[in-house]
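Understanding the architecture of this molecule
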Amino acid sequence: AQSVTQLDSQVPVFEEAPVELRCNYSSSVSVYLFWYVQYPNQGLQLLLKYLSGSTLVESINGFEAEFNKSQTSFHLRKPSVHISDTAEYFCAVSENTGFQKLVFGTGTRLLVSP
Amino acid sequence: ETGVTQTPRHLVMGMTNKKSLKCEQHLGHNAMYWYKQSAKKPLELMFVYNFKEQTENNSVPSRFSPECPNSSHLFLHLHTLQPEDSALYLCASSQGGGANNYGYTFGSGTRLTVV
């Protein structure tokens, strides 16, 4: 069975500073990896995903994540954050065979202040 | 619009009431899910339906009763709830496994308050 660990429950950062949100996973088989974002009182929105190919994946709003198989990590980064990036970020993993079932981490709250 | 619609967005109910949450997707997905999201707790998977058949029930109390009449619709029937059941209830859908794994599409959720 897979599991996901997001060690940081909250990450405070100033506007225009870089940020990294950490995600480590555990699985006995090959996986797909995802980052979701949740704004207040809304559902989760897919931010980016790794299925195969290039280990560096990017979103349309400047976030990127790199799949590191040897370290079983999929950290999310942004070189310069905005106030509007304040949200909860969830890392998720699924096996890449059989019935797709996402396992979520506990989430990291990103707090961007002026 | 995310492709998954949940109604109502907000619901306040007494402990003796009966209500239902509705989820609808027009994405052609074959799997649907109910999640519970409580403050300061991780997402809790409640139920999974695949091609209208329930494939998972994570020890959810019987006061929560899911119904999936077809692959596009999912309901969560509520009765005699407790105040600790107050939470954001999220519905999601997916295409299923294999090479086309694009994750889940979530609805905006129903904010439930039990008084």
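A brief look at the structure comes next. Remember, predicted model here, so these are calculated numbers, not experimental data.

Residue and element names in this part refer to chain B. Reading across from one edge, 1-3-8-7 is the order of the 4 strands in this open sheet, with antiparallel pairing throughout. Strands with a single pairing partner mark the edges of an open sheet, and in this sheet they are strand 1 (4-7) and strand 7 (64-70). Ignoring strand direction, the axes of neighbouring strands in this sheet form an average angle of 15 degrees. Sheet analysis places strand 1 next to strand 3 (residues 18-25), joined by 4 bridges and oriented antiparallel.

So, on to the interface of chain A and chain B. The interface of chain A with chain B comprises 22 residues on the first partner and 27 residues on the second. For the pair chain A and chain B, the summed buried surface comes to about 1800 Å²; carbon and sulfur atoms form 55% of the total. If you look at where chain A meets chain B, you find 0 salt bridges. For the pair chain A and chain B, the number of links is 4 residue pairs in polar contact (both at pLDDT 80 or more). For the side of chain A that touches chain B, the secondary-structure elements that each account for two or more residues are strand 5 (31-38), strand 6 (44-50) and strand 10 (87-95) of chain A. Looking at the side of chain A that touches chain B, its residues break down into 10 nonpolar, 9 polar and 3 charged.

Bringing the state of the cysteines into the picture now. Residue and element names in this part refer to chain A. According to the stated counting rule, one finds 2 disulfides over all chains in the structure shown. Two residues share a disulfide in this structure: Cys-23 and Cys-91, whose sulfurs sit 1.9 Å from each other. What sets the handedness of the Cys-23 and Cys-91 disulfide is the S-S torsion sign, and at about -65 degrees it is left-handed. Taken as a pair, Cys-23 in the loop between strand 3 (19-21) and strand 4 (24-26) and Cys-91 in strand 10 lie far apart in primary sequence, 68 residues in all.

Turning our attention to the side chain of Gln-37 of chain B. As for its placement among the helices and strands, Gln-37 of chain B is situated in strand 4 (residues 31-37). Looking at Gln-37 of chain B, its side chain comes within polar contact range of the side chain of Gln-38 of chain A, at 2.7 Å. Contacts of Gln-37 of chain B, omitting those with residues within four sequence positions, involve Gln-38 and Phe-90 of chain A together with Leu-43, Ala-87, Leu-88 and Leu-90 of chain B.

Its location among the elements puts Gln-38 of chain A in strand 5. If near-sequence neighbours (up to four positions away) are discounted, Gln-38 of chain A is found in contact with Gly-43, Leu-44, Ala-87, Glu-88 and Phe-90 of chain A together with Gln-37, Leu-88 and Leu-90 of chain B.

On to the packing of aromatic side chains. For the structure on display, the rule yields 14 aromatic pairs over all chains. Each ring, one from Phe-63 of chain A and one from Tyr-89 of chain A, has its centre 5.5 Å from the other, and the planes form 45 degrees; the classification is tilted. Remark: Tyr-89 of chain A occurs in strand 10 and Phe-63 of chain A occurs in the loop between strand 7 (56-58) and strand 8 (64-68); sequence separation between them is 26 residues. As far as the burial class goes, Phe-63 of chain A and Tyr-89 of chain A line up, both buried. Ring geometry for Tyr-104 of chain B against Phe-106 of chain B: centres 6.1 Å apart, planes inclined by 50 degrees, an arrangement best described as tilted. Here the two residues Tyr-104 of chain B and Phe-106 of chain B agree in accessibility, since each one is buried. Taken together, the ring pairs in this structure connect Phe-34, Tyr-36 and Phe-104 of chain A together with Tyr-33, Tyr-35, Tyr-104 and Phe-106 of chain B into an aromatic cluster.

Below, the discussion takes up the nonpolar core. In this structure, Trp-35, Leu-48, Phe-74, Leu-76 and Tyr-89 of chain A are the most contacted members of the largest nonpolar core, which totals 27 residues. Judged by nonpolar contacts, the second largest core, of 22 residues, contains Trp-34, Phe-47, Leu-76 and Leu-112 of chain B.

To continue, consider the environment of Ala-87 of chain B. All names here are of chain B. Relative to the elements of secondary structure, Ala-87 occurs in strand 9 (residues 87-94). A relative accessible area of 3% means that Ala-87 is categorised as buried. For the pair Ala-87 and Arg-111, spaced 24 residues apart in sequence, the C-alpha to C-alpha distance is 6.0 Å. What Ala-87 contacts, discounting residues up to four positions off in sequence, is Lys-36, Gln-37, Ser-38, Thr-110, Arg-111 and Leu-112.

This part is about the pattern of salt bridges. Pairs can form between side chains of opposite charge once their charged atoms are near each other. On inspection of all chains with the given rule, the structure shows 6 salt bridges over all chains. Of the charged contacts, one joins Arg-77 of chain A and Glu-66 of chain A as a salt bridge, the two residues approaching to 3.9 Å between their closest N and O atoms. Residue Arg-77 of chain A is located in strand 9 (residues 73-78), and its partner Glu-66 of chain A is located in strand 8; the two are separated by 11 residues in the primary sequence. Between Glu-24 of chain B and Lys-22 of chain B there is a salt bridge, and its shortest N-O distance comes to 3.8 Å. The class for Glu-24 of chain B is partly exposed, based on a relative accessible area of 21%. Since its relative accessible area comes to 29%, Lys-22 of chain B is described here as partly exposed.

Criteria and cut-off values
- Residues numbered from 1 in each chain as written.
- Chains lettered and ligands numbered in written order.
- Predicted model: local features only at pLDDT ≥ 70, side-chain atom pairs only at ≥ 80, totals over all residues.
- Heavy atoms only, no water.
- Pairing = 2+ DSSP bridges.
- Helix = DSSP H or I, 4+ residues; strand = E, 2+ residues; numbered from the N terminus.
- Axes fitted to C-alpha atoms, helices over the stretch in contact; angles between N-to-C directions.
- Contact = heavy atoms within 4.5 Å.
- Buried area = accessible area lost by both parts, 1.4 Å probe.
- Salt bridge = Lys/Arg side-chain N within 4 Å of Asp/Glu carboxyl O.
- Polar contact = N/O pair within 3.5 Å; in protein donor to acceptor, adjacent residues only side chain to side chain.
- Nonpolar A, V, L, I, M, F, W, Y, C, P; charged D, E, K, R; others polar.
- Disulfide = S-S within 2.5 Å.
- Phe/Tyr/Trp six-rings, centres within 6.5 Å; stacked < 30°, edge-to-face > 60°.
- Buried < 20%, exposed > 50% of the residue type's maximum accessible area, 1.4 Å probe, protein only.
- Core = buried A, V, L, I, M, F, W, Y, C linked by side-chain atoms within 4.5 Å.

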